[in-house]
Amino acid sequence: MTERVFNFNAGPATLPLPVLEEAQREMLNYRGSGMSVMEMSHRSKEYEAINNEAEANMKELLGLGDNYRVLFLQGGASTQFAMVPMNFLQPGQRADYILTGSWSEKAQKEAAKLGQTHIAATTQEGNYKRIPSLEEIQLSESPAYVHITSNNTIFGTQWQSFPDFGNIPLVADMSSDILCKPFDASKFALIYAGAQKNLGPSGVTVVVIRQDMIEKAATNIPTMLRYDIHAKNNSLYNTPPSYSVYMVNLVLKWLKAQGGLASMEQRNLEKAALIYDTIDGSNGFYSGHADKDSRSTMNITFRLPNEDLEKTFASEATKQGMIGLKGHRSVGGMRASTYNAMSREGCQALADFMKEFMRKNG
Ligand SMILES: *Cc1c(COP(=O)(O)O)cnc(C)c1O
């Protein structure tokens, strides 16, 4: 392989080329420090600046002010499945979960080990092909929080607008679509995202948390699982995943240079339309998994007429430099992950390939 591929992997996923180039330029000697960011003390002035800049950039992109903190933690989004209830689900309380896919199921199961949960809505019937309507959501009486998964990486569905439950804290796993479009982040008490899909490399989990949540977080739990400890220590309580945080900051700077979330949304809609229009115009040769009104701009899931064709599709696409298109086993078929960093050219190449493949095999 002499050229870079169009990488449709679900995660870890493609990163913006300018970000990789900047990291390459700064690799051996970060801004005259004589070393790489990987080799630097996390207590150094240089690293502290990276850490603070990453927090500031994240808040700027989300339009958040002083009543929010951004934490850079380890353990992946999967650790947040446990950390959220450990911190906010007190004895005698109940937490509500809206199930829209495997990741929300996992989050709810983890919480159920630690306290009482209530499933406020589920679209499991029909294999998670849609997001529930507001009318379907039945909250319990004054839940400690409501948890949603904004984008369902495996099934290819995405909340098109977010529910508002008033004073009940809204918690979201945004691992696969954070910063893909503008939204009112101030409606959320806590947002978490493993970086490796839409934010950077693996190794860091970004947590956006409202100040009042930090204040009411549990303190009788292991230190490393306490949000208040990480907030008080500016994500430097112990050694952070420093290089991953540095990479996330480069991605955030790139996002700002691209025009921020509004222009990301525009690009993402156009990119996804190239592929969805191909599916819809294929007379059923390609069939999308998600209902049209629940479709994700980040993960596009579709099937071909049979599994043999799906195998051939994946292997021929790979030969043409488009990789990572095999879908998750729980849905089957294909999945094209078209995160912020996926170029329009990549989506155009895939759409062209799909049309050509259908012409030959349809
Ligand atoms: C990938 C993914 C996870 C799991 O993330 P890890 O960082 O591997 O723990 C959780 N939620 C969603 C929505 C995901 O896409």
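Not measured: the values here are computed from a predicted model.

Rules behind the numbers
- Counting restarts for each chain, with residues numbered from 1 along the sequence as it is written.
- Since the coordinates come from a predicted model, pLDDT governs what is reported: local features require at least 70, and pairs of side-chain atoms require 80 or more to be given and counted, while whole-chain, interface and lining totals use all residues.
- Only hydrogens and water are set aside when side-chain values are computed; all heavy atoms of the structure are taken into account.
- Helix and strand assignments come from DSSP, with helices taken as H or I runs of at least 4 residues and strands as E runs of at least 2, each series counted from the N terminus.
- Throughout this description, a polar contact denotes any pair of N or O atoms lying within 3.5 Å of each other; where both atoms belong to protein, one of them has to be capable of donating a hydrogen while the other can accept it, and for residues adjacent in sequence the pair is counted only when both atoms sit in side chains.
- The rule for a salt bridge is simple: a side-chain nitrogen of Lys or Arg has to be within 4 Å of a carboxyl oxygen of Asp or Glu.
- Three labels apply to residues, based on accessible area from a 1.4 Å probe with only protein chains included: buried if under 20% of the type maximum, exposed if over 50%, partly exposed otherwise in between.
- Every angle, taken between N-to-C directions, lies between 0 and 180 degrees, and every axis is a line fitted to C-alpha atoms, over only the stretch in contact when it is a helix.
- Any angle that is under 35 degrees is reported as roughly parallel, and any over 145 degrees as roughly antiparallel; angles of 65 to 115 degrees are reported as roughly perpendicular and all others as oblique.
- When the near helix sits turned anticlockwise from the far one by under a right angle, the crossing is termed left-handed; a clockwise turn instead gives a right-handed crossing.
- The contact definition used throughout considers only heavy atoms, calling two residues in contact when any of these lie within 4.5 Å.
- Only Asp, Glu, Lys and Arg are considered charged, only Ala, Val, Leu, Ile, Met, Phe, Trp, Tyr, Cys and Pro nonpolar, and every remaining residue, Gly among them, polar.
- What counts as a domain boundary in this text is fixed by an automatic or database domain assignment.
- Here, a strand pair is defined by DSSP locating no fewer than two bridges between the strands.
- Crossovers are described as right-handed under a simple rule: with the strands pointing away from the observer, the path leading from the first strand over the helix to the second runs clockwise.
- We define the nonpolar core as a collection of buried residues of types Ala, Val, Leu, Ile, Met, Phe, Trp, Tyr and Cys that are connected through side-chain atoms lying within 4.5 Å of one another.

Enquirer: In this structure, what is going on with the side chain of Ser176? I would like to understand it.
Expert: In this structure, Ser176 sits in the loop between strand S8 (170-173) and strand S9 (190-194). Separated by 2.8 Å, the side chains of Ser176 and Thr153 make a polar contact.

Enquirer: Is there a simple way to explain the pattern of salt bridges in this structure?
Expert: Pairing between side chains becomes possible if they bear opposite charge and their charged atoms approach one another. Applying the stated criterion across every chain yields a total of 17 salt bridges. Among the ionic pairs, Arg130 bridges to Glu136, the shortest N-O distance being 2.8 Å. Judged by relative accessible area, which is 26%, Arg130 ranks as partly exposed. On the accessibility criterion, Glu136 (31% relative accessible area) is partly exposed. Across the pair Arg210 and Asp212 runs a salt bridge, and its minimum N-O distance is 2.6 Å. Overall, Asp212 belongs to the partly exposed group, its relative accessible area being 33%. Overlapping salt bridges, with partners in common, bring together Glu22, Glu53 and Lys253 in one network.

Enquirer: Looking at this model, I keep getting lost on the packing of helix H3 (residues 76-88) against helix H4 (residues 102-114). Mind explaining?
Expert: A packed helix pair is summarised by two numbers, namely the angle formed by the two axes and the spacing between the axes. H4 packs onto H3 with a crossing angle of 40° between their chain directions and a minimal axis gap of 8 Å. When the axis of H3 is compared with that of H4, the two are oblique. Both H3 and H4 take part in a crossing whose hand is right-handed. On H4, the residues touching Ser78, Phe81, Ala82, Pro85 and Met86 of H3 are Trp103, Lys106, Ala107, Glu110, Ala111 and Leu114. Each residue belonging to the contact of H3 with H4 can be placed in one class, and the counts come to eight nonpolar, one polar and two charged.

Enquirer: When you look at the domain arrangement of the chain in this model, what are you seeing that I'm missing?
Expert: Think of interface size as the accessible area that goes away when the parts come together; that is how it is often given. Domains assigned within the chain are domain 1 (18-257) and domain 2 (259-361). The centre of domain 1, based on its C-alpha atoms, is set 27 Å off from the matching centre of domain 2. Contacts between the two partners involve 29 residues from domain 1 and, on the opposite side, 27 residues from domain 2. Where Asp291 meets Lys129, a salt bridge forms, and the shortest distance between an N and an O atom there is 3.6 Å. Counting across the interface, domain 1 meets domain 2 through 20 residue pairs in polar contact (both at pLDDT 80 or more). Of all elements in the fold, only strand S7 (157-158) and helix H7 (242-257) reach the threshold of two or more residues within the side of domain 1 that touches domain 2. Looking at side-chain class alone, the side of domain 1 that touches domain 2 contains twelve nonpolar, eleven polar and six charged residues.

Enquirer: What is the right way to read the pairing of strand S4 (residues 116-122) from this model?
Expert: Regular strands place side chains that alternate from one sheet face to the opposite one. Where strand S3 (residues 94-99) and S4 come together, six bridges link them in parallel fashion. Along S4, the bridge assignment pairs Arg94 with Gln116. Of the crossover connections in this fold, the one passing from S3 over H4 to the parallel S4 is right-handed.

Enquirer: Any chance you could explain the sheet that holds strand S14 (residues 334-337) here in plain terms?
Expert: Where strands meet in a sheet, backbone hydrogen bonds hold them as pairs that are either parallel or antiparallel. Spatially, the three strands line up as an open sheet ordered S11-S12-S14, and their pairing is antiparallel. A strand with exactly one partner marks an edge of an open sheet, and here the two such strands are strand S11 (287-288) and S14. When strand S12 (residues 299-303) meets S14, the two strands line up antiparallel, connected through four bridges. Pairing of Ile300 across the sheet is with Ala336, part of S14.

Enquirer: What is the right way to look at the environment of Leu274 in this model?
Expert: Summarising the element assignment, Leu274 is placed in helix H8 (residues 260-280). Overall, Leu274 belongs to the buried group, its relative accessible area being 18%. Residue contacts for Leu274: discarding those within four places in its chain leaves Arg344, Cys347, Gln348 and Ala351.

Enquirer: Where do I start with the nonpolar core in this structure?
Expert: Soluble, globular proteins show a tendency: their nonpolar side chains are buried together. The biggest cluster of nonpolar side chains holds 53 residues, and the ones touching the most others in it are Met58, Ile98, Leu179, Leu199, Val208 and Tyr246. The element that contributes the greatest number of residues to this core is H7, accounting for ten residues. Not counting chain neighbours up to four residues away, the residues in contact with Met58 comprise Val70, Ile178, Leu179, Leu199, Val206, Val208 and Leu252. Leu71, Val171, Ala217 and Tyr227 belong to the second-largest nonpolar core, a separate cluster that totals 30 residues.

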